[in-house]
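Structural overview for review
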Amino acid sequence: MAARTTSTHSRASRLRTPLIALMTDFGWDDWYVGAMKGVIFSICPQARVVDLTHGVTPHSVAEGALLLNAMQREFPAGTIFVAVVDPGVGTVREPILACADGKYFVAPNNGLLGLVLQDARKWDCRLLSNEKYFRPQVSATFHGRDIFAPVAAHLASGVSPQKIAPRKTDCFRLATAMASYDRGYIEGNIIYFDRFGNAVTNITRELFEQNFAPKAPKGRTKKAPQGGEVAVSVTVNGYELPRISRTFADVKPGEPVVYWGSMGTLEIAINLGNARTAMELRLLDKVTVKRIGEHGE
């Protein structure tokens, strides 16, 4: 019986261990990420620190916002995210602390949290102003180490957000392009490339199903389209792709393929290849989805 009690206590202790997740554009080779971790462990030795990615394209706030929102969905409530893609470091842009659906986000107020808060059911945003929770000396060019990391560590140690950031503030949102539907077409853009050269678009599964769902017989409800149930063509950079597939291997090696990616948006790839280079794709290239097989098409 004693052994069972100890095991239960250990499991409960692990669940209470604070989790801090880091995302930056600092890369994997320099000393910056290591310095941030040193600050965190100096303040909160019991914290677990997870590297989300440090490979965000340098200065690309929009890319960071997209990746952060995709990754944070998979983490439990109580996680503290430190996100640093900060080309305006040291300027008038504010450092902020946001709470969204029970998770905490420490970041510059430059649009990096825009998608997270857009998708959140409940959130608030606070100005990091209590310098007691910063490092004693704050560099004008390294707020990741001197403001964001110590704030996250103090949060993990149990300090309340209201003490660290007493005053609420507005959260800056990026003016991001949105996909749209008009007269039988969905138009969107490429907004991200992964390391395989797969192109991620802003065309969501939800938008597609709202406008291209099969017409149901009278008395029956619509059935949401699954993959190839709706005949469509996808056009990008002069290429016309005849269908939406389920996965890469639905086409031969070296052939382009369109599919619903794990972020829930339409993606373009080449099976065992690199769509970005082979198809000469670029960020913000227009992507058009057209329903076929109607009105003699």
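About the thresholds
- Residues numbered from 1 in each chain as written.
- Predicted model: local features only at pLDDT ≥ 70, side-chain atom pairs only at ≥ 80, totals over all residues.
- Heavy atoms only, no water.
- Phe/Tyr/Trp six-rings, centres within 6.5 Å; stacked < 30°, edge-to-face > 60°.
- Helix = DSSP H or I, 4+ residues; strand = E, 2+ residues; numbered from the N terminus.
- Buried < 20%, exposed > 50% of the residue type's maximum accessible area, 1.4 Å probe, protein only.
- Lys NZ or Arg CZ within 6 Å of the ring centre and 35° of its normal.
- Contact = heavy atoms within 4.5 Å.
- Core = buried A, V, L, I, M, F, W, Y, C linked by side-chain atoms within 4.5 Å.
- Salt bridge = Lys/Arg side-chain N within 4 Å of Asp/Glu carboxyl O.

This brings us to the packing of aromatic side chains. Scanning the model with the defined rule gives eleven aromatic pairs in all. With centroids separated by 5.8 Å and ring planes inclined at 80 degrees, the aromatic side chains of Tyr181 and Phe212 adopt a geometry described as edge-to-face. Of this pair, Tyr181 sits in strand β8 (residues 180-182) while Phe212 sits in helix α7 (residues 205-212), and the two are 31 residues apart along the sequence. A residue is classified by how much of its surface remains accessible, and Tyr181, at 33% relative accessible area, is partly exposed. Following the ring pairs from residue to residue traces out a cluster consisting of Phe26, Trp31, Tyr32 and Phe142. The ring centre of Phe196 lies 5.5 Å from the NZ or CZ of Arg195, which sits over that ring.

Turning our eyes to something else, we now look at the side chain of Thr288. Assignment of secondary structure puts Thr288 in strand β15 (residues 286-291). Relative accessible area serves as the criterion here: at 14%, Thr288 is assigned to the buried category. Aside from chain neighbours lying at most four places away, what touches Thr288 is Tyr185, Ile186, Glu187, Ser233, Val234 and Thr235.

This part is about the nonpolar core. Ranked by size, the top nonpolar core spans 30 residues in total, and within it Ile20, Met36, Val82, Val106, Leu128 and Val151 carry the most contacts. Those elements that place two or more of their residues in this core are β1 (19-24), α2 (32-43), β3 (80-84) and α5 (143-156). Here the element with the most residues in this core is α5; it accounts for eight residues.

Now for the pattern of salt bridges. Under the definition given, this model contains ten salt bridges. Here Asp124 and Arg126 are joined by a salt bridge, their closest N and O atoms 3.6 Å apart. By relative accessible area, Arg126 is classed as buried at 10%. The partner of Lys286 in a salt bridge is Glu187, and the shortest N-O contact between them spans 3.8 Å.

Turning our attention to the side chain of Ser245. For Ser245, the position within the fold is in the loop between β12 (239-241) and β13 (256-260). Setting aside its immediate chain neighbours within four residues, Ser245 contacts Asp250, Val251, Val257, Val258, Tyr259 and Trp260.

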